[in-house]
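Fold and contact review
Next come the chains, spelled out residue by residue.
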Amino acid sequence: MKQIALVTILAAAAIALPLIIGENPYMTGILISVLMMAALSSAWNILGGYAGQYSFGHAAYFGAGAYTTLILLTNYSTLNPLICMAAGIIVASLIALITGTIVFRLRGHYFGLASIAVAEIVRLSVLNFEFTGGAQGILLSDISLWGLDLNSKNPFYYGMLLVLAVTLGITAYLRTSKTGYYLMAIREDQDAASSLGINLSFYKNKSLVISAALTSVLGSLYGLYIRFIDTSAVLDLRLSIEIILTAIIGGVGTLWGPVVGALLLVPLAEMLRSNLLGDALVKAGLVSDTSAFGIFLKENLAHAHVLVYGIITVLCILYLPKGVLGLFRRTK
Amino acid sequence: MIKDLLRVSHASKHFGGNVAVHDVSFAVDEKEIVGLIGPNGAGKTTLFNCMTGFFPVTLGEVIFDTKKINDLRPDEVCRLGMARTWQRVKPLGSLSVLENVMVGAFSVTNKPRQAEVIAMEELTKVGLTDYASKSAGSLPIGLKKKLELARVLATHPKLLLLDEICGGLNHTETDTILDIIRTIRQRGATIVFIEHDMKAVTSICDRIVVLNSGEKLAEGTPEEITNNPDVIAAYLGGGHHA
Ligand SMILES: Nc1ncnc2c1ncn2[C@@H]1O[C@H](COP(=O)(O)OP(=O)(O)OP(=O)(O)O)[C@@H](O)[C@H]1O
Ligand SMILES: [Mg+2]
């Protein structure tokens, strides 16, 4: 009961937020990033957190969604964006199924390695094909959907919120269903799981496809939102890593961990990127503006957010192995 | 009574040049309890692994319920009705005791509610209801063995393979497990029972198969086996935990 009340309040707050902050593209942009990373990390969590299969290449599915949608729309401008999104789901699911069918037969950590390889293959292919725009990327001039003002960021805020809600809903449902129990059993002990009647590769594939499909929807939405994509924006290894780190820092294998991770990390990354942190250190008198270290910070902190994520992750693994959420959870 | 619920014929398992099981044949009738004994390294666990699809036999055949199952996966074997426990227990550590058993129950139902009901029944059988919400990883070894048993019972197997389910337990714990096995046998279970404790084996088994260095050394009733000179020489007299 308390849970339901809490979720209702959270949802209401999330829905009201754009109305409260008003027409503030900068703030809305950050909020969209938070929602998107929370949803991406939640989608990854279904596979990585529940089934215990760490994918280091989720950018491939994000990119599949973004590229499929934008390629279709630049060629057939009258297509409904939702249909393009569905096409993206199909492409991402196919990549997932091919990867899973080959790799999940093998025992051990092959999936982690293969996921990186597949993501690199997708990235290099996109970079070298003509119809994908190659290194130039793809620019989308104009889109329309149900007469919404798509130059405003609010529709995308609500779009991301909706996908996040759906992802969390699927996760919550899975946790109490046969599939969810099977995924957790696979994570805990594969021999025990298969001796109890669990078809390992079927359930791993199932969670991979669910995860990839949700990730591709987010890619499509992002493509429509940003309207310019290239491989470094949607297919980069860095994105895959950020997705994992967000989950680890928030709490892998928990419903809300990825959301907590995104709430902490995305604003932190933004502060680093806009050099707020460097400026703050200078203002606080901790570092001098003109010292070599101050200049070094100014020049490099903006690019360092993945490094900072990495350091936080190491600290998390050492001191908070169950993520930030683990702090609030008493062990049985 | 069905003859030959399980039939293993001329089964061999090679690991490279190491022959772990060599030309072993035996059968299990419905409602029988068959003991599988032999010194350490005799190939008992390997035989279970071959029967349950964890690795295929190199030569020979495994027939369960009139079906040849040589090439089936472990999960398929389980769903056909042959399920095993692990000598080295394999609890799903971060799940609760109840959830562990529910995972087993999901092979007979898709509904979580139903799985929970079945799981509670099995926990009652082994006397673990008080621990239902504890995390499985935190249990002491004696209770982990009981959890193994409850979890495999929840799959409602026609044939139960127990790999040293009393291994590492003290006398009282062993007796509790044996009592549980007697209860489930009264309900018509068929069991293959790997065990080193001869008193446990002879008190509970209808028939005993003896393995030694991967080969079948003898087969017979408990009296026949305890009086068999070969067995006494190879196994009972060998200074092993008897
Ligand atoms: N996966 C494996 N790879 C290689 N050799 C193996 C493997 N599993 C078992 N063996 C070998 O097969 C032989 C039989 O081992 P097994 O575990 O079946 O014996 P056991 O009768 O169960 O003994 P114990 O009473 O100690 O449990 C041993 O020599 C062992 O080293
Ligand atoms: Mg053994």
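Structural data are supplied above this passage.
Residues numbered from 1 in each chain as written. Chains lettered and ligands numbered in written order. Predicted model: local features only at pLDDT ≥ 70, side-chain atom pairs only at ≥ 80, totals over all residues. Heavy atoms only, no water.

It is worth spelling out the overall build of chain A at this point. On a plain count of helices and strands, chain A comes out with 16 helices and two strands. In summary, chain A has a C-alpha radius of gyration of 20 Å against a globular reference of 20 Å for 332 residues, a match within 12%. The principal-axis extent of the C-alpha atoms belonging to chain A is close to 65 × 55 × 45 Å. Residues classed as buried in chain A amount to 52% of the 332 residues present. (Helix = DSSP H or I, 4+ residues; strand = E, 2+ residues; numbered from the N terminus. Rg over C-alpha atoms; globule rule 2.2 N^0.38 Å. Buried < 20%, exposed > 50% of the residue type's maximum accessible area, 1.4 Å probe, protein only.)

Our next topic: the coordination of the magnesium ion (ligand 2). All names here are of chain B. Thr45 (OG1) and Gln87 (OE1) make up the full set of protein donors to the magnesium ion (ligand 2), lying at 1.9 to 2.1 Å. You can see Thr45 sitting in helix H1 (residues 44–51) and its partner Gln87 sitting in the loop between strand E6 (82–84) and helix H3 (97–105), a full 42 residues away along the chain. You can call Thr45 partly exposed: its relative accessible area is 26%. (Donors = N, O, S within 2.8 Å, 3.2 Å for Na, K, Ca; no water.)

This part is about the site of ligand 1. Residues and elements named next belong to chain B. Gly41, Lys44, Thr45, Thr46 and Gln87 are the nearest of the 13 residues found near ligand 1. The contact in question runs from an oxygen atom of ligand 1 to an N or O atom on the side chain of Lys44, over 2.8 Å. Contact between ligand 1 and Thr45: an oxygen atom at 2.7 Å from a side-chain N or O atom of the residue. Within the complex, 64% of the 630 Å² of free accessible area of ligand 1 lies under protein. At three residues, H1 tops the list of elements feeding residues into the shell around ligand 1. Residues that form the shell around ligand 1 fall into these classes: three nonpolar, eight polar and two charged. (Near = heavy atom within 4 Å. Polar contact = N/O pair within 3.5 Å; in protein donor to acceptor, adjacent residues only side chain to side chain. Areas by Shrake-Rupley, 256 points an atom, 1.4 Å probe, with all protein chains shown as cover. Nonpolar A, V, L, I, M, F, W, Y, C, P; charged D, E, K, R; others polar.)

What follows concerns the environment of Ala233(B). Its place among the elements puts Ala233(B) in helix H9 (residues 229–234). Distance from Ala233(B) to Asn49(B), taken between C-alpha atoms, is 27 Å for residues 184 residues apart in sequence.

Here we come to the pairing of strand E8 (residues 190–194) of chain B. Residue and element names in this part refer to chain B. Where burial is concerned, most of E8 is hidden: five out of the five residues are buried. Along E8, one buried face is formed by Thr190, Val192 and Ile194 and the opposite face, lined by Ile191 and Phe193, is buried too. Looking at chain direction, strand E3 (residues 33–37) and E8 are connected through four bridges and run parallel. Following the sheet pairing, Gly35 is matched in E8 by Phe193. As paired elements, strand E7 (residues 159–163) and E8 share five bridges and run parallel to each other. (Pairing = 2+ DSSP bridges.)

This part is about the state of the cysteines. Residues and elements named next belong to chain B. Across all of its chains, the model carries zero disulfides over all chains by this definition. Cys78 supplies the cysteine sulfur nearest to Cys50, a cysteine that is in no disulfide, at a spacing of 18 Å. A relative accessible area of 5% means that Cys50 is categorised as buried. Summary of cysteine pairing: Cys166 is not part of a disulfide, and the nearest cysteine sulfur, belonging to Cys205, is at 10 Å. (Disulfide = S-S within 2.5 Å.)

With that settled, consider the pattern of salt bridges. All names here are of chain B. In the structure shown here, the tally under the stated rule is 16 salt bridges over all chains. Note that Arg7 and Asp4 form a salt bridge whose closest N and O atoms lie 2.8 Å from each other. Owing to a relative accessible area of 35%, Arg7 belongs among the partly exposed residues under this scheme. What makes Asp4 partly exposed here is its relative accessible area of 25%. A cluster of three or more residues bridged by salt bridges with shared partners is formed by Glu32, Arg207, Lys216 and Glu219. (Salt bridge = Lys/Arg side-chain N within 4 Å of Asp/Glu carboxyl O.)

Aromatic rings considered in pairs are described by the distance between their centres and by the relative angle of their planes. By the definition in use, this model includes 13 aromatic pairs over all chains. On the numbers, 6.1 Å between centres and 90° between planes, the contact of Tyr182(A) with Phe106(B) is edge-to-face. With one member in each of two chains, Tyr182(A) in helix H7 (residues 178–188) and Phe106(B) in the loop between H3 and helix H4 (112–126) form a pair that bridges those chains. Accessibility assignment for this pair places Tyr182(A) and Phe106(B) in one class, buried. Judged by centre distance (5.3 Å) and plane angle (90°), the ring pair of Phe15(B) and Phe55(B) falls under edge-to-face. Of this pair, Phe15(B) sits in strand E1 (residues 6–15) while Phe55(B) sits in the loop between H1 and strand E4 (59–64), placing them 40 residues apart in sequence. (Phe/Tyr/Trp six-rings, centres within 6.5 Å; stacked < 30°, edge-to-face > 60°.)

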